[in-house]
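Summary of structural features
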Amino acid sequence: MEDGFSSYSSLYDTSSLLQFCNDDSASATSSMEVTDRIASLEQRVQMQDDEIQLLKSALADVVRRLNLSEEQQAMGSRRGPTKDPTKMRKSPSADSSFGQSARPMIATLPVRPTVNNGTVLPKKGSSTLPSPAGSGSRKDASPATNKSTVRRANSNEHVGTLTRKDSGDSKGNRTRAGSTGSNSSGKRSDSKQRDPVFNAGMRRVTHCKEEGYVKMFLKGRPVTMFMPKDQVESYSLEARGELPSNKLKLDWVYGYRGRDCRSNLYLLPTGETVYFIASVVVLFNVDEQLQRHYTGHTDDIKCLAVHPDKITIATGQVAGTSSDGKLAPHVRVWDSVSLNTLQVLGTGFFDRALVCLAFSKSNGGNTLCVVDDSNDHVLSVWDWQREERLAEAKCSNESVFAADFHPTDSNVVVTCGKSHLYFWTLEKGLLVKKQGLFEKQEKPKFVLCVTFAENGDAITGDSSGNILVWGKGTNRISRVIQGAHEGSIFAVCMLRNGTLVSGGKDRRLVSWDGSYQQIQTVEVLESFGPIRTIAEGRGETVLIGTTKNFVLQGSLDGDFIPITQGHTDELWGLAVHPWKPQFLSCGYDRQVCLWDSSTHQLIWTKTLEDTAQSAGFHPSGAVVAVGTQTGRWLVLDTDSKDLVTVHTDGNEQLSVMRYGPDGNFLAIGSHDNYIYIYAVAENGRKYSRVGKCSGHSSFITHLDWSVDSQYLVSNSGDYEILYWIPSVCKQVVSAETTRDIEWFTQTCTLGFQVFGLWPDGSDGTDINAACRSNSKTLLVTGDDFGKVHLFSYPCSQFRAPSHIYRGHSSHVTNVSFLYDDSYLVSTGGKDMSVLQWRIV
């Protein structure tokens, strides 16, 4: 430590700080207020931090220039003089006399711990605040470094017909030594051919053939990516990339949306249970363990209705956004046998989202009622086959939870929601409203669900736990079942045999006979959550959807078992087993779930104390490491899910957990800008901290190990690519050392082999995850618009083409191939879904 600080003092003159400390005006007897003195001291410390950053940049540039000068002299001694010395670049830092006097420092400067390896005091203040653009980093706050950014824009590449000239600091947009934003050429481009330049929105790509790199600009920041030596001569930026010969087919959907949706679970005559999650409608045959999927929607599905023919289905989605612009909310009517879309209704009419759907029952299902999520929650009735809107009316400025046609009168619609129950009659193109009269019955805050008895009575469940029966053709209560449930009743369902079934917040499923006398009660487990929706199953079975996103199957006199389950909050962590058809998912619901991709079953789940962010398997598969949002990380036994060990590094989220291929090291990428390195022993059961890699100016986003476990590459939130020797936590600054490294995985989204994945106009945050197949022929990405892209690998051509797949309705947070490339797994963020794709 003393050596580190002595070298630190040799780099920077601390006399100004000593002068301040000895200044009488800053003494305890000074008239200056304490807060003012503290503020003044902080300001001076900040200025010194900024100057240190500049010194680091200058030192790194000196080293690079000296190395380059040596290479040029070596080449010149072999070839003889080929250029006029007057045409060589001149700058104070590249002056030959300076180079000679500084030459003895070459061996020591690159590994000087105060520059690259974190032995200086930790950064404070805004430098550790995460920012996708790196705006929280100190280098961006410094006027001096902003000035150097302007200078760095003058590099030696050709852009159009202009020649980039001399640069005082050619390190791209980074102030860290060894950043790939650096320009490794110290020569002018007078003698170079003009290399192609492509512009695409916010992204510009240039190619420097002489130095063997491609430079891409994200949000105006240069990202320099060096290509392998064997591609320097043959590479052409103008070459066209090819689509992969493989494609993806959606194989399985894990999860169900019951947390905030109602009436979205039905059994079809085919034996398939139909429900939805994200933008996929799932048709699940439980007996045969087969799924089919309707994928016509472009964003979150919020409601579902089944036609009386039990074949035609209507689903409604929210308004969304894509890379092409806004997506209008609409209803899609489709055939559940062929999965073909029959009609698309209401594009441009509905606002925000669709919340309720129902087909008429007495006229052959020719009409469809729809409620949207606008301020007035507009109720509309459609002749869906003709795409004709028959009537519309403002339903309520409060939330609407259910809408349904009367079973014997297709001109009557009932809606219910917050503080209301309305009976609507369709007369001559108008919807006439009658309000339900509660009279002596205390009016509930919410009327949550509605169904109909065989005789035409309407039956409602409310937030007071009461079931109310409304006489056919009237808006008055004919019967009250007081206190039917403890708390809100979320669902009522009339079975074919005339039995009424109700369920709610108390997790009880209660059956009632034709006289509304209670028959029996079944309580589902607390882990399943409150009952959200009820559907009649085959024979005596009943299907239940819960608020914790379970679909349960059972009978009124027996136990209920889950047939579908998933996460209940935003999902980020994904890890695949190194040699089994298994994968692990984790997220903000504190649940860690291990899945079998062959049987599509949950192997085990474990609840954590903290919200989970990332995960990674040890190469042996014996343990898995899970990173949280609080800086804590834990290791679990894969077989027993028992806790092996717990550690804490920093207090910010741990975005990446990555074991080296040999299993001897664990690298942890944190939002505090550091990469923590641990030595691993005893097959992943013993950990000892080696140190931390310090050099990034923003939070760590991705990590990859080399095949030999000797090197590590990292990406950060401000588009830096840095290379490391993790065993000693040293940064590697030489492009010649790193350009030919073979990487065991390719999850970094920045690099020469993958830069083609970035779409036109990208701001650098659109791509959340990438993964190369184990065969090294495919590359898959997940973006902010719910799309999964499949590219050929390597993906090193500008505007590389890809196959695009929909299914997620939120940002795709992670993607990964299984160990044998048989399947791909993708996770959605706020849609909480896990999708499994077959490679075909």
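I will try to describe carefully the structure that is included in this document. (Residues numbered from 1 in each chain as written. Predicted model: local features only at pLDDT ≥ 70, side-chain atom pairs only at ≥ 80, totals over all residues. Heavy atoms only, no water.)

**Concerning the overall build of the chain**
- Tallying secondary structure elements over the chain gives 8 helices and 60 strands in all.
- A buried classification covers 58% of the 840 residues belonging to the chain.
- Within the chain, contacts between residues at least 6 apart in sequence are counted, and of these 50% link residues at least 24 apart.
- Roughly 34400 Å² of accessible area belongs to the chain as shown, and the carbon and sulfur atoms make up 49% of that amount. (Helix = DSSP H or I, 4+ residues; strand = E, 2+ residues; numbered from the N terminus. Buried < 20%, exposed > 50% of the residue type's maximum accessible area, 1.4 Å probe, protein only. Contact = heavy atoms within 4.5 Å. Areas by Shrake-Rupley, 256 points an atom, 1.4 Å probe, with all protein chains shown as cover.)

**Quick notes on the sheet that holds strand 12 (residues 301-306)**
- Here 4 strands make up an open sheet; going across it, the order is 12-13-16-17 and the pairing antiparallel. Strands with a single pairing partner mark the edges of an open sheet, and in this sheet they are strand 12 and strand 17 (341-345). Between one strand and the next, the sheet's axes are offset by a mean angle of 20 degrees, whatever the strand orientation. (Pairing = 2+ DSSP bridges. Axes fitted to C-alpha atoms, helices over the stretch in contact; angles between N-to-C directions.)

**Some words on the pairing of strand 41 (residues 601-607)**
- Sheet topology note: the strand 40 (residues 591-596)/strand 41 ladder contains 6 bridges and is antiparallel. Across the sheet, Trp595 pairs through a bridge with Leu602, a residue of strand 41.
- Between strand 40 and strand 41, which pair antiparallel in sequence order, lie 4 residues; one of them, His600, sits at a positive phi of approximately 65 degrees.

**Observations concerning the packing of aromatic side chains**
- Within this structure, the stated rule accounts for 24 aromatic pairs.
- Ring geometry for Tyr213 versus Phe226: centroids 5.4 Å apart, planes at 65 degrees, classification edge-to-face. Of this pair, Tyr213 sits in strand 5 (residues 213-218) while Phe226 sits in strand 6 (residues 221-226), and the two are 13 residues apart along the sequence. Here Tyr213 matches Phe226 in class, with each residue buried.
- In this structure an aromatic cluster arises from ring pairing among Trp633, Tyr659, Tyr678 and Tyr687.
- For Arg389, the ring lying beneath its charged end belongs to Phe349, and the centroid distance is 3.9 Å. (Phe/Tyr/Trp six-rings, centres within 6.5 Å; stacked < 30°, edge-to-face > 60°. Lys NZ or Arg CZ within 6 Å of the ring centre and 35° of its normal.)

**As for the pairing of strand 55 (residues 778-783)**
- For strand 55, the tally of buried residues reaches 6 of 6 residues, placing the bulk of the element in the interior.
- Neither face of strand 55 is left uncovered, since the one carrying Leu778, Val780 and Gly782 and the one carrying Leu779, Thr781 and Asp783 both have all their residues buried.
- Bridging between strand 54 (residues 767-772) and strand 55 involves 5 bridges; their strand directions are antiparallel. Looking at strand 55, one finds that Ala770 is bridged to Thr781.
- What sits between strand 54 and strand 55 in their antiparallel hairpin is a turn of 5 residues, with Lys776 showing a positive phi close to 65 degrees.
- Of the strand pairs in this sheet, strand 55 and strand 56 (residues 788-792) are connected by 5 bridges, and their pairing is antiparallel. Bridge pairing in strand 56 links Leu778 to Ser792.

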